[in-house]
Amino acid sequence: MIAPALLARHAKTGLRLLVYVTALALLIGPHRLSMALAGGRFAGVAPMLMHRLFLRLFQVRVRVTGTPPSGGEAALVLANHISWLDIPVLGALRPLSFVAKSEIAGWPVIGVMAKLQRTVFIDRARKRHTAVVNTELSRRLSGGEVVVLFAEGTTGDGNRLLPFRTSLVGAARAALTVGGLERVRLQPLCIAYTGRHGMPLTRKERPEIAWYGDMELAPHLALFLERGPIDAEIVWGEPVTFADGMDRKAATALAEAAVRRSLQAAVTGRAPLADRPATPEPAAGPPILIPAPTA
């Protein structure tokens, strides 16, 4: 016999899923119509709304600090990657698109959302496909869009950062040579999962939120639904200006170092020694919280 408390929890989860799927079904039509009639001008709005609804329904609170690209400013965002949850967490911030492996296009629900978000899919089995993707990213950047690249190329356990890959950063150079831009903003972005039920996560607990290695997706989703509220922290790092003559490996290394510092600070609760000021800094303004009453 199922305990009443467990039955109530399952019923609540089912209701949340029903609300989310219903909202998705209602938005797909207008979203596709907008893409067809407005040429994708409002393509990022519907996915952003869906991601914000997801965060509210499933109690994921996002704390955002740092300075993101201004409205209308193109940016190639170089971020770390921990879980499938990164997509709604980052997608709720603002209209943007992602670069993802081609297999995701065929996944249920996640694949649909990826296509709605105009994700650029890359076929890793075809070495020449990188050039095709870079050309598309160059076109997006030239159009003033924000594109998120998970620069590690895979997911990690949430406690450490893997080396950033440089191949797709070639899109920044393509935007200079083909897109006609004078410079491109390479934007470091760190995502860290720092708490559950308002309590800090330990180094041992953090990988429970991460989805990496050969983990099956369905059990991980079930664990996410069962364990409850999660706190995530997003840090926009100091941007790297990529201009003519700059080496993409050097630019990527700068972005990687910025994300590494932010991740270390987020998971340990203190800044790296080299970054600690000799004297106290003035208090910063309050962080942005998503979901929030105005989100």
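Residues numbered from 1 in each chain as written. Predicted model: local features only at pLDDT ≥ 70, side-chain atom pairs only at ≥ 80, totals over all residues. Heavy atoms only, no water.

**Some thoughts on the side chain of Gln-187**
Test applied: Numbering of helices and strands runs from the N terminus, with a helix taken as a DSSP run of H or I at least four residues long and a strand as a DSSP run of E at least two residues long. Here a polar contact is recorded for every N or O atom pair within 3.5 Å, except that within protein the pair must consist of a potential hydrogen donor and a potential acceptor, and residues adjacent in sequence are included only if both atoms are side-chain atoms. The contact rule is simple, with two residues in contact once any of their heavy atoms fall within 4.5 Å.
Within the fold, Gln-187 resides in strand E6 (residues 183-196). Reaching out from Gln-187, the side chain makes a polar contact with the backbone oxygen of Gly-237 at a distance of 2.7 Å. What Gln-187 contacts, discounting residues up to four positions off in sequence, is Thr-67, Pro-68, Pro-69, Ala-75, Leu-76, Val-77, Leu-78, Trp-236, Gly-237 and Pro-239.

**A look at the pattern of salt bridges**
What counts here: We count a salt bridge whenever a side-chain nitrogen from Lys or Arg sits within 4 Å of a carboxyl oxygen from Asp or Glu. Under the scheme applied here, a residue whose accessible area is under 20% of the maximum for its type counts as buried, over 50% as exposed, and between as partly exposed, the area being computed with a 1.4 Å probe on protein chains only.
With the rule as written, the count across this model stands at 11 salt bridges. Here Asp-231 makes a salt bridge to Arg-61, at a shortest N to O gap of 3.6 Å. Taken as a pair, Asp-231 in strand E8 (residues 230-236) and Arg-61 in strand E1 (residues 60-66) lie far apart in primary sequence, 170 residues in all. Between Glu-145 and Arg-118 there is a salt bridge, and its shortest N-O distance comes to 3.1 Å. Within this pair, whereas Glu-145 is found in the loop between helix H5 (129-142) and strand E5 (146-150), its partner Arg-118 is found in the loop between helix H4 (110-116) and strand E4 (120-122), the two being separated by 27 residues in sequence. Residue classification places Arg-118 among the buried positions, given a relative accessible area of 17%.

**Overview of empty space enclosed by the protein**
Rules: Within this scheme a cavity is a closed region of a 1 Å grid, computed over the protein atoms alone, that accommodates a 1.4 Å probe without allowing it to escape, whereas a pocket is open but has protein on both sides within 12 Å along at least five of seven lines; lining residues each have an atom within 4 Å of a point. Grid points are joined across faces, edges and corners, and a volume is the space filled by probe spheres set on the points. Polar here means any residue outside two lists: the nonpolar Ala, Val, Leu, Ile, Met, Phe, Trp, Tyr, Cys and Pro, and the charged Asp, Glu, Lys and Arg; Gly therefore counts as polar.
One pass over the full model with this rule turns up two cavities of 30 Å³ or more. Roughly 50 Å³ of volume is contained in the largest cavity. For the largest cavity, the full set of lining residues is Ser-83, Trp-84, Leu-85, Arg-196, Glu-208, Ile-209, His-220, Leu-223, Phe-224 and Ile-230. Here the lining of the largest cavity takes three residues from helix H7 (residues 217-227), the largest share from any one element. Considering only residue class, the lining of the largest cavity consists of six nonpolar, two polar and two charged. Volume-wise, the second largest cavity comes out at about 30 Å³. What lines the second largest cavity is Asn-80, His-81, Ile-82, Glu-152, Gly-156, Gly-158, Arg-160, Leu-161 and Leu-263. Among the residues making up the lining of the second largest cavity, the classes are represented as three nonpolar, four polar and two charged.

**Looking at the packing of aromatic side chains**
Note the cut-off: Think of it this way: a Phe, Tyr or Trp ring, Trp meaning its six-membered ring, pairs with another when their centres are within 6.5 Å, and the plane angle makes it stacked under 30 degrees, edge-to-face over 60, tilted otherwise.
A full pass over the atoms with the stated rule returns eight aromatic pairs. For the pair Phe-58 and Phe-224, a centre-to-centre distance of 6.2 Å together with 50 degrees between the ring planes defines the contact as tilted. With Phe-58 in the loop between helix H2 (45-57) and E1 and Phe-224 in helix H7, this residue pair connects regions lying 166 residues apart in the sequence. Residues Trp-107 and Trp-211 carry aromatic rings whose centres are separated by 5.7 Å and whose planes lie at 70 degrees to one another, so their mutual orientation is edge-to-face. Within this pair, whereas Trp-107 is found in the loop between strand E3 (97-101) and H4, its partner Trp-211 is found in the loop between strand E7 (199-200) and H7, the two being separated by 104 residues in sequence. The exposure class assigned to Trp-107 is partly exposed, which follows from its relative accessible area of 25%. In this structure an aromatic cluster arises from ring pairing among Tyr-20, Phe-54, Phe-58, Trp-84 and Phe-224.

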